[in-house]
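Reading the structure
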Amino acid sequence: MVNGKISETQFVMIITAFLQGSVLALSFNATTKHDTWLAVLAGFILFIPVTLCYASLAKRFAGLNLMQMSEAILGPYWGKGISLMYSWFFLILLALNVRDLGNFYTIQFMPETPLPFFIIVFAAVCAYAVYIGIEVLARLGVFFVAIPFIIIPFTSLLLFKDMSISAFLPIFSAPLKEFIHGTHIITAIPLGETIMMLMFIPSLNSTERITKNALLGLFFGTICLLAVSVRNTAVLGYTEYIWSSPSLQAVRLIDIGNVLTRLDVLIGIGHTFMMFFKCSLLYYCVVLSLAQLLRLKTYTPLILPIGLIAITLSMIMNASTVEREATGDAHLMQASLFSLIFPPVLLLIAKLRNLPDKRNYSEKSN
Amino acid sequence: MKKLRPMLIIIIAFVTLLTLPGCWSAKGLSSLAIVTGIGIDKGASLDQLLLTIQIVKPSQAQVPSSEGGKSRGKAFWNATCAGETMIGAIREVTHLIGKEPFLAHSNVIIFGNDFATTGVKKTLDFFLRNPETQPTALILVASGRAGDILNVESEAEILPVQNIIKIIKGAAAISQFKVITINDFTNNLMSKTTAPIAPLVTITQNGNRQNIYVSGLAVFKKDKLVGALNDMETRGLLWTTGDVKKGLILITSPEDTGNVAFEISKSKSKVTPEIKDGRVIIHIEVRTETNLVEQTSADKIYFPVVALLEERQAEVIRQEIMAAFDKSAELSADIFGFGDIVYKNFPAQWQSLEDHWDEVYPRIDLVLDIKVTMRETGLVTQPVSPEK
Amino acid sequence: MDIFLLLLIYTGVALFQVPALIKKSYWRELIAFSSLFTLAFTLNLLQILDVNIPNPLKGIQYIVEDVLHLKY
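As a starting point, this report considers the structure included with it.

Cut-offs used in this document
- Residues numbered from 1 in each chain as written.
- Chains lettered and ligands numbered in written order.
- Predicted model: local features only at pLDDT ≥ 70, side-chain atom pairs only at ≥ 80, totals over all residues.
- Helix = DSSP H or I, 4+ residues; strand = E, 2+ residues; numbered from the N terminus.
- Contact = placed C-beta atoms within 7 Å.
- Rg over C-alpha atoms; globule rule 2.2 N^0.38 Å.
- Buried ≥ 20, exposed ≤ 12 C-beta atoms within 10 Å, placed from the backbone.
- Nonpolar A, V, L, I, M, F, W, Y, C, P; charged D, E, K, R; others polar.
- Core = buried A, V, L, I, M, F, W, Y, C linked by C-beta atoms within 7 Å.
- Pairing = 2+ DSSP bridges.
- Axes fitted to C-alpha atoms, helices over the stretch in contact; angles between N-to-C directions.
- Parallel < 35°, antiparallel > 145°, perpendicular 65-115°, else oblique.
- Left-handed = near helix turned anticlockwise from the far one by under 90°.

**Considering the overall build of chain A**
Across its full length, chain A holds 13 helices and zero strands. In chain A, the succession of α and β elements from N to C terminus is α-α-α-α-α-α-α-α-α-α-α-α-α. With the C-alpha coordinates of chain A rotated into their principal frame, the extents come out at 70 × 40 × 35 Å. Within chain A, contacts between residues separated by at least 24 positions form 84% of all contacts whose residues are at least 6 apart in sequence.

**Details of the overall build of chain C**
The helix and strand inventory of chain C stands at three helices and zero strands. Along the chain direction, N to C, the helices and strands of chain C fall in the order α-α-α. The C-alpha atoms of chain C give a radius of gyration of 18 Å, which is well past the 11 Å a tight globule of 72 residues would have. Along the first, second and third principal axes, the C-alpha set of chain C runs to 55 × 35 × 15 Å. In chain C, which comprises 72 residues, the share counted as buried stands at 18%.

**Focus: the interface of chain A and chain B**
Across the boundary between the two partners, chain A contributes 19 residues, which contact 18 residues of chain B. Of the residues that constitute the side of chain A that touches chain B, the class distribution is nine nonpolar, seven polar and three charged.

**Some points on the nonpolar core**
Residues L94(A) and V287(A) are the most contacted members of the largest nonpolar core, which totals 134 residues. No other element matches the 20 residues that helix α3 (residues 66-109) of chain A contributes to this core. Apart from residues no more than four positions distant in its own chain, V287(A) is found in contact with V130(A), Y299(A), L302(A), I303(A) and I306(A). By size, the runner-up hydrophobic cluster in this structure holds 86 residues, among which are I109(B), F185(B), A195(B) and F336(B).

**A few points about the pairing of strand β12 (residues 279-295) of chain B**
Residue and element names in this part refer to chain B. Here strand β11 (residues 259-276) runs beside β12; their pairing, made up of 16 bridges, is antiparallel. In the strand pairing of β12, K270 is matched with E285. The sheet contact formed by β12 and strand β13 (residues 365-374) spans ten bridges and is parallel. Considered in β13, the bridge of H283 is made with V367.

**Section: the interface of chain A and chain C**
Often, the extent of an interface is quoted as the loss of accessible area upon association of its parts. At the junction of the two partners, chain A supplies 25 residues and chain C supplies 26 residues. Secondary structure elements with two or more residues in the side of chain A that touches chain C: α11 (303-316) and α13 (328-352) of chain A. Tallying contributions element by element places α11(A) first for the side of chain A that touches chain C, with eight residues. Its residues placed into classes, the side of chain A that touches chain C shows 16 nonpolar, six polar and three charged.

**Structural notes on the pairing of strand β1 (residues 32-42) of chain B**
Looking along a regular strand, one sees the side chains alternate between the two faces of the sheet. Residue and element names in this part refer to chain B. Among the eleven residues of β1, eight are classified as buried, and the element is accordingly described as predominantly covered. Here β1 pairs with strand β2 (residues 49-56) via seven bridges, running antiparallel. Paired with D41 across the bridge in β2 is L50. As paired strands, β1 and strand β5 (residues 108-111) are joined by four bridges and run parallel to one another. Bridging from a neighbouring strand, G39 pairs with I110 of β5.

**Comments concerning the packing of helix α6 (residues 141-158) of chain A against helix α10 (residues 264-293) of chain A**
Packed helices, taken two at a time, are described by the angle their axes make and the gap between the axes. Residue and element names in this part refer to chain A. Contact geometry of α6 with α10 gives a least axis separation of 10 Å together with a crossing angle of 155°. The angle between α6 and α10 places the two elements in the roughly antiparallel class. Both α6 and α10 take part in a crossing whose hand is left-handed. On the side of α6, the interface is formed by F144, I147, P148, I151 and T155, while α10 contributes L266, G270, F273, M274 and F277. Partitioned by chemical class, the residues of the contact of α6 with α10 number eight nonpolar, two polar and no charged.

**Some points on the sheet that holds β11(B)**
Residues and elements named next belong to chain B. Taken in spatial order, the four strands of this open sheet run β10-β11-β12-β13, and their pairing is mixed. Either end of the sheet is taken by a strand with one partner, and the two such strands are β10 (248-252) and β13. Taken over all neighbouring pairs, the strand axes of this sheet differ in orientation by 35° on average, direction set aside.

Here it is as structure tokens:
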């Protein structure tokens, strides 16, 4: 049911752009304060083996996506169960991300507009993106990747005079428990969401160099996360962790000769684009996974209802910022389960059961 | 379905046109009261804040295109409102004039003297949370009431607030004071030991006309105003933080017959902490380059004298820094940020020092290492005097 | 008013999708669409009627915190 093919460069772009979209998520770094950049680095290093695991799964089951893999590994019943759980997980991710963007708008830019407006319009645009297919998004991947790569250096340059190295001292002062917590958050949530890449395997041209491509995407994406984290810490110093959007606050401080001021709109634009990309991909994952589960011929009819459910879910999960903090652990553990625990376990079982067997294994989707 | 398509597209386009331009939060200029400055004083009762808000009248604020000498009305007016919280007080303005206050241009926040002594933290929260206020707004402390400062009109500028901004930035440019923004102030507040500072503004009377000038640097402890530094002490602080960019150093001439003035062209400072035997020692290193700009005596300036001149300049700097430190020790306020510097370099020892930093701070040993290099002497190389 | 808007949107969505599905005889898809559609409609309706729908994350939080004690 998926027609187009994604080239290798496009695959790298997809992963990079996806990770860049997670910059908004860096706002919950209250645990590690000025050592957040270290947590990002640590998270990156810890996540490399996980990425290798994803790639290994992809290589083993060439041409199969996550749903099909789990059915192959665990058999029809357990496999479908796991697939269903993943669909649910992607749905929650979609709802959370859409809600994050909506929150970003209502808090910073247009406080009087009711939240549903942003969520509905945004979800509608993502729905359209899913409708026209993943290949189009992949082709535009380069464009999306370029946006943060322009905005981040530009703002960093303008903020250069406001940065101070001493904001990073003392290095590694956060207590170990906090640091582990912070690293865990980074690994499971921004980085871990790249599990969605396993849904695109069937669309890839070839899975030969997928390990290299996945790692490359991870690398480029993390560089952006690192750059943002470093810039924000250097500029904001002590106050970094009280802001709900540190990037925005840092950029608000730009004041070059009284001419270049109020550049926070750049952050708004950047976030919008990247969250759009990220949400479209997540949306695609939900729709595709459900369609596969139900053995449908095409995933198109599911787009709208799932969008509506996601919108409703966003609104439910959005009672208040405080509630969001309270449920942080839930999301963390859930994300860890799906991104960090399930895939290696699946790989292990696959290795033990020596799958796939070398018999001719055709794609299950007809 | 095919037939419906164009219709559907038109409907969607129409709906999009109506909703997407974001008309919801749009505010027309005439319905806004543009606030350029906010002064906060203590209100009548204990919990009350008295706000003086300077609102611009856009029509009057435009520069007249012709030199007509026609008298303009005042381009602003100060509204006063009271309330228990910042937001309550500001909203009261809407009662007064029926326009909603628009804060995005508020560039100056002035704390009244009385108010500052009771603690300013509670009002800062408003400025941080509100998406309209800019973190680059300047913070000042008035030596009297904030409302009076906002009333001072000047010849040069249409709005008092613009006048204030110009004066502050001007003073900062010749390194007499530091420009403090909301961001800086908040940063200082969030640190456990650093004492926030802000320029202190006073009104001068010159015959009929009033003007304001920056009379010192207000020192806060946590968020309460505790004292002020005068010119000399302020410069001492600026030497240490490396904020001195231009300015004058005045010394007596080598043969004590007059004064010699030097213009600072460049200055760098380095602060290094050291902990020895449980005592905190701060090394302050200042490297300055100056140019000779005026000499009121007829002494000749030749090579061996240069060393003496540089030594005297260094002495001036030393005194300024010591004066600043002594004053801050007297107020027990760590304006230099030494606490933070110790924390950043010796996090382990900091744990034991942190709690009684107030006692440790006055007993810090300062080791000053000041070197002044004299460079140019202007257009003449020797003073005007008949050859002896 | 809100309910009217809700009905409008959902009828629009149905009108948009259903004829296309029926024409192509995508019965399975129609069933899937209808079930999800009904679910979405119910949830949305409950929301508009101010019925408090429990936040799934809260449920997960409960499991994580009280049952598994996996809190930081």
